[in-house]
Each structure stands twice: as structure tokens, then as C-alpha cells.
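So you can see what is in the structure, the chains are spelled out below.
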Amino acid sequence: MELGCGKGEYTIAMAQRNPNKNFIGIDRKGARLWRGCKDALEQEMDNVAFLRITIDKIAYYFAPGEVSEIWVTFPDPQLSSERKRLVSPRFVGYYRNVLPETGGVLNLKTDSEELYEYVLEAAPEYGWGMLENVKDVYAQDCDPILKEVQTFYEKMWLAQGKTISYVKIKI
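Residues numbered from 1 in each chain as written. Predicted model: local features only at pLDDT ≥ 70, side-chain atom pairs only at ≥ 80, totals over all residues. Heavy atoms only, no water.

Participant: Give a detailed account of the pattern of salt bridges, specifying residues and quantitative values.
Facilitator: Applying the stated rule across the entire model yields nine salt bridges. Of the charged contacts, one joins Lys38 and Glu42 as a salt bridge, the two residues approaching to 2.2 Å between their closest N and O atoms. Of this pair, Lys38 and Glu42 both sit in helix 2 (residues 30-42), four residues apart, which is roughly one turn of that helix. Here Glu42 falls in the exposed class, since its relative accessible area comes to 51%. (Salt bridge = Lys/Arg side-chain N within 4 Å of Asp/Glu carboxyl O. Helix = DSSP H or I, 4+ residues; strand = E, 2+ residues; numbered from the N terminus. Buried < 20%, exposed > 50% of the residue type's maximum accessible area, 1.4 Å probe, protein only.)

As C-alpha cells, then:
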């Protein structure tokens, strides 16, 4: 599942690479989702779907344990309000409602150094297990998909010389 999926670039790319798994892109703005929906239909992908909902409603659409992994790519870092961050305890609480009881995986890819540092500091405080920590995706060895799939915003941030960071945590 990709939350705040925008145009669905990661949702589509992950589905292409894993045809035997289902992928759901979620965003609250239909104009953003249109591109991903169109691409999935044109490519006749049967393992991709998109939902236009707010993230706080995911438990209405997915059963407990139905989702194993969540991706959050280039969210607004919400620097002035922790409770609005898609990787805050508030949102992680929503995610836990659809992840397995034993926990699931949350992937964050961001251009925001502040958001990246926030997650590194928050993880031990909230009992999130750090599985992977990549300060600079393009300067370090990491999963190739982190470099191969670039969202609209990632391309824009890279053109501006920003560092792209990635963390994978068990929540």
C-alpha cells in the first residue's frame, strides 16, 4: 500500500515488479490518482487499485492483518505539526489497524532532512524497530528500487540538489 500516492508512480512500479502481489495506492485528491489509474488500465494491470480516501479511514476499507507493508513517499513533512505527519504516532495508530498483530513494515522515502531525523529519533521512543536506514539513497548501496523508481517530486528535488533519504521500520 502506498499512502499519499500522488500519481501512483511507486504503486505502479511495485506492481510491475511483483505481479503476484496486490498494490493499493491511496490519496485524498482524485486529480492526482487519475494518472495512476489511467496507467494501470492502459497496462491491463490486475494487481493494482487506487482509493480516494483520507488515510484515517483505511480501517474501513481493509481488515486487520490485510496489509503487510506501507510506503509513504515524499509526504509533506508537516514541520509545524507532528500530529499531521504521515509517520507520526497518530498515523501509525491507523496503520496498525490494518497490519498484522505482529507488526508490519513502514517505508519512508523523503527529501526532508527534518522528517528523516524525526523518524530516527521517534523510532526508539515509540517502539518502532529500525530495519533499514539510508541517509542518502543515491550515495549509498541500497535496494535498487529506491533509485529506479522516481516520483514526480523526487525528480524535482533531485534537480534542486536535495538529498533523498529512506528508512524502513517495523511498527
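More follows now that the structure is in view.
Participant: Run through the sheet that holds strand 1 (residues 2-3), naming residues and quoting values.
Facilitator: On the basis of which strands lie adjacent, the open sheet formed by seven strands has the order 3-2-1-4-5-7-6 and mixed pairing. Edge positions in the sheet fall to strand 3 (48-52) and strand 6 (129-134), since each of these pairs with one other strand and no more. Here strand 5 (residues 105-110) runs beside strand 7 (residues 165-170); their pairing, made up of six bridges, is antiparallel. Of the residues in strand 7, the one forming a bridge with Asn107 is Lys168. Lying over the sheet, helix 2 contacts strand 2 (23-27) and strand 3, oriented at roughly 165 degrees with respect to strand 3. (Pairing = 2+ DSSP bridges. Contact = heavy atoms within 4.5 Å. Axes fitted to C-alpha atoms, helices over the stretch in contact; angles between N-to-C directions.)

Participant: Just give me the short version of helix 3 (residues 89-96), but keep the residues and values in it.
Facilitator: Among all positions in helix 3, only Phe91, Val92 and Tyr95 are buried. Buried residues of helix 3, seen end-on, are gathered within an arc of 100 degrees and therefore sit on one face of the element. Contact partners of the buried residues in helix 3: strand 1, strand 4 (69-73) and strand 5. (Arc of directions from axis to C-beta.)

Participant: Give me the packing of aromatic side chains: which residues, what numbers.
Facilitator: Scanning the model with the defined rule gives six aromatic pairs in all. An aromatic cluster is built from Tyr10, Trp71 and Tyr166, whose rings are joined through pairwise contacts. If you follow Arg85 out to its NZ or CZ, it ends over the ring of Tyr118, 4.5 Å from the centre. A cation over a ring is seen here: Lys162 above Trp157, with NZ or CZ 4.4 Å from the ring centre. (Phe/Tyr/Trp six-rings, centres within 6.5 Å; stacked < 30°, edge-to-face > 60°. Lys NZ or Arg CZ within 6 Å of the ring centre and 35° of its normal.)

Participant: I'd love a proper account of the environment of Phe50, names of residues and values included.
Facilitator: Structurally, Phe50 can be placed in strand 3. For the pair formed by Phe50 and Lys109, sequence separation is 59 residues and the distance between their alpha carbons is 20 Å. Ignoring any residue separated from it by four or fewer positions in sequence, one finds Phe50 in contact with Cys5, Gly8, Thr11, Ile12, Gly25, Leu33, Gly36, Cys37 and Ala40.

On their own, these measurements won't tell you what the molecule is for.
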